[in-house]
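Summary of the model geometry
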Amino acid sequence: MLELKNARIGYGPVSVVHNLTISVGASEAVFLVGPNGAGKSTTLRGIIGHNPLTSGSITWEGKDIGRLAPHQRARLGIALVPEGRHVFPQLSVLENLEVAARLGPSTRVKERIEGIFDRFPRLAGRRSQKAGLLSGGEQQMLAIGRALVQEPRLLVIDELSLGLAPVIYQQLGESVRGLARDGLSVLLVEQNAVLAMKICSRGYLLSGGTVVLEGTVEELKTKSEMRELYLGGLGKGN
Ligand SMILES: Nc1ncnc2c1ncn2[C@@H]1O[C@H](COP(=O)(O)OP(=O)(O)OP(=O)(O)O)[C@@H](O)[C@H]1O
Ligand SMILES: [Mg+2]
């Protein structure tokens, strides 16, 4: 469904990601892991159109979208849960969802918002509360809700677990896995490779702005690079 081929993405003249070839299929959950500064966020920003693609291609269902504006890509069904969540702290939970819903179709807005509250009952009980007063886990739930209310076909998540307690990110991981099982495509950037491997079926290891390893979860688990870098936490309850 989404395919990047030999993509080069950067900030103005500075290119950070190069020769990057990755894909996400329909109803598939795929992860990107890699050390700090590897270019994971830059890759996601390139996919949603916030950073320019300077060579290579990004295609969506075979159509070139590498030059489309962010709102046009959103309309195709690509929604981002940004690193650091970025909810509007002064707006209520409901208002945050209403603002985000405008990025999606113009129909059934109320129903779509109620659908988010059904999925995340913790948010429903806090619908009038200012988002800035929510816990970190609840803010992440809201950030996911803000993406889902757009009715995307591909959910792009930048750091699901960052700064959250294990019990919280395990629950969020379960929610994301459920979404993927229901047919949504997911591209997940995650520091916690153990969590990423629980949610996704396939993934890529990025380093220095390009893919250095790829495969199914089963394949990747056997690779020494993955084990050394990321699986040290196995057996520690995560
Ligand atoms: N606005 C910017 N202008 C120039 N360079 C930037 C900018 N933002 C990030 N970079 C550089 O791009 C490189 C990759 O950053 P990126 O945020 O994509 O990494 P990351 O893999 O998401 O890292 P992290 O795990 O820390 O989130 C870094 O070397 C960073 O310094
Ligand atoms: Mg990042």
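For the structure, check the block above.
Attention here is on the structure that accompanies the text. Just so it is clear, the model here is predicted, and its values are computed rather than measured. Within each chain, residues carry numbers counting from 1 in the order of the written sequence. All chains are assigned letters beginning with A, and all ligands numbers beginning with 1, in the order in which they are written. With the structure being a predicted model, the display of local features is reserved for residues of pLDDT at least 70 and the display and counting of side-chain atom pairs for 80 or more, all residues being used for whole-chain, interface and lining totals. Heavy atoms throughout the structure, all of them, feed into the side-chain values; hydrogens and water do not.

Next up on the list: the overall build of the protein. Each helix and strand in the protein was counted, giving 10 helices and 10 strands. Against the 2.2 N^0.38 benchmark of 18 Å for 238 residues, the protein shows a C-alpha radius of gyration of 17 Å, consistent with a compact globule. By its C-alpha atoms, the protein is 45 × 45 × 30 Å across when sized along the principal axes. Think of it in three bands: with a 1.4 Å probe and only protein chains considered, a residue is buried below 20% of the maximum accessible area for its type, exposed above 50%, and partly exposed in between. The buried share of the protein, reckoned over its 238 residues, is 50%. Helix and strand definitions here come from DSSP, where helices need a minimum of 4 consecutive H or I residues and strands a minimum of 2 consecutive E residues; each element is numbered from the N-terminal end. Radius of gyration: C-alpha atoms only; globule rule: 2.2 Å multiplied by the number of residues to the exponent 0.38.

Moving on: the coordination of the magnesium ion (ligand 2). Any N, O or S atom lying within 2.8 Å of the metal counts as a donor, with the limit raised to 3.2 Å for Na, K and Ca; because water is left out of the atom set, some sites can appear incomplete. Every protein donor of the magnesium ion (ligand 2) is listed here as Ser-41 (OG) and Glu-83 (OE), and their distances to the metal cover 2.0 to 2.6 Å. Here the residue Ser-41 occupies a position in helix H1 (residues 40-48), and Glu-83 occupies one in the loop between strand E6 (78-81) and helix H3 (93-101), the gap between them amounting to 42 residues.

This next bit is on H3. Taken residue by residue, H3 has Val-93, Asn-96, Leu-97, Ala-100 and Ala-101 as its buried positions. The buried residues of H3 occupy one face: seen down the axis, they fall within an arc of 135 degrees. Residue contacts follow a heavy-atom distance rule, with two residues in contact if any of their heavy atoms lie within 4.5 Å. Buried-residue contacts for H3 involve helix H4 (109-119), helix H5 (121-124) and helix H6 (136-148). What the arc covers is the set of directions going from the helix axis to the C-beta atoms.

This next bit is on the sheet that holds strand E1 (residues 2-11). Strand pairs in the sheet, formed through backbone hydrogen bonds, run parallel or antiparallel to each other. Taken in spatial order, the four strands line up as E2-E1-E4-E5 in an open sheet, and their pairing is antiparallel. If you trace the sheet from one side to the other, it starts and ends with strand E2 (14-24) and strand E5 (63-64), each paired once. In this sheet, E2 lies alongside E1 in antiparallel orientation, the contact comprising seven bridges. Bridge pairing in E2 places Tyr-11 opposite Val-14. By the convention used here, strands pair only if DSSP detects at least 2 bridges between them.

Within the chain, Glu-61 stands out as a residue other than glycine whose phi angle is a positive 50 degrees. Residue placement: Glu-61 occurs in the loop between strand E4 (53-60) and E5. Residue class for Glu-61 comes out partly exposed when judged on its relative accessible area of 41%.

A few words on the environment of Asp-64. Within the secondary structure, Asp-64 sits in strand E5. Residue Asp-64 is classed as exposed on the basis of its relative accessible area of 54%. For the pair Asp-64 and Leu-2, spaced 62 residues apart in sequence, the C-alpha to C-alpha distance is 10.0 Å. Setting aside residues up to four positions removed in sequence, Asp-64 forms contacts with Ile-58 and Thr-59. By the criterion applied in these results, polar contacts are pairs of N or O atoms within 3.5 Å in which, for protein atoms, one can donate a hydrogen and the other can accept it, and in which residues neighboring in sequence qualify only through two side-chain atoms. Among the polar contacts listed, one links the side chain of Asp-64 to the backbone nitrogen of Gly-66, at a separation of 3.0 Å.

Our next topic: the packing of H6 against helix H7 (residues 166-181). Interaxial angles span 0 to 180 degrees and are taken between N-to-C directions of axes, which are lines fitted to C-alpha atoms, for helices over the stretch in contact. Where H6 meets H7, the closest approach of the two axes is 10 Å, and the angle between their N-to-C directions is 15 degrees. Between H6 and H7, the crossing angle belongs to the class labelled roughly parallel. Helix-helix and strand crossings are classified by hand; for H6 and H7 the assignment is right-handed. The residues of H7 that touch H6, namely those facing Gly-137, Gln-140, Met-141, Ile-144 and Leu-148, are Ile-168, Leu-172, Val-176 and Leu-179. What sets the label is the angle itself: under 35 degrees gives roughly parallel, over 145 gives roughly antiparallel, 65 to 115 gives roughly perpendicular, and the rest give oblique. For any pair of crossing helices, the crossing counts as left-handed if the nearer helix is rotated counterclockwise from the farther one by less than a right angle, and right-handed if it is rotated clockwise.

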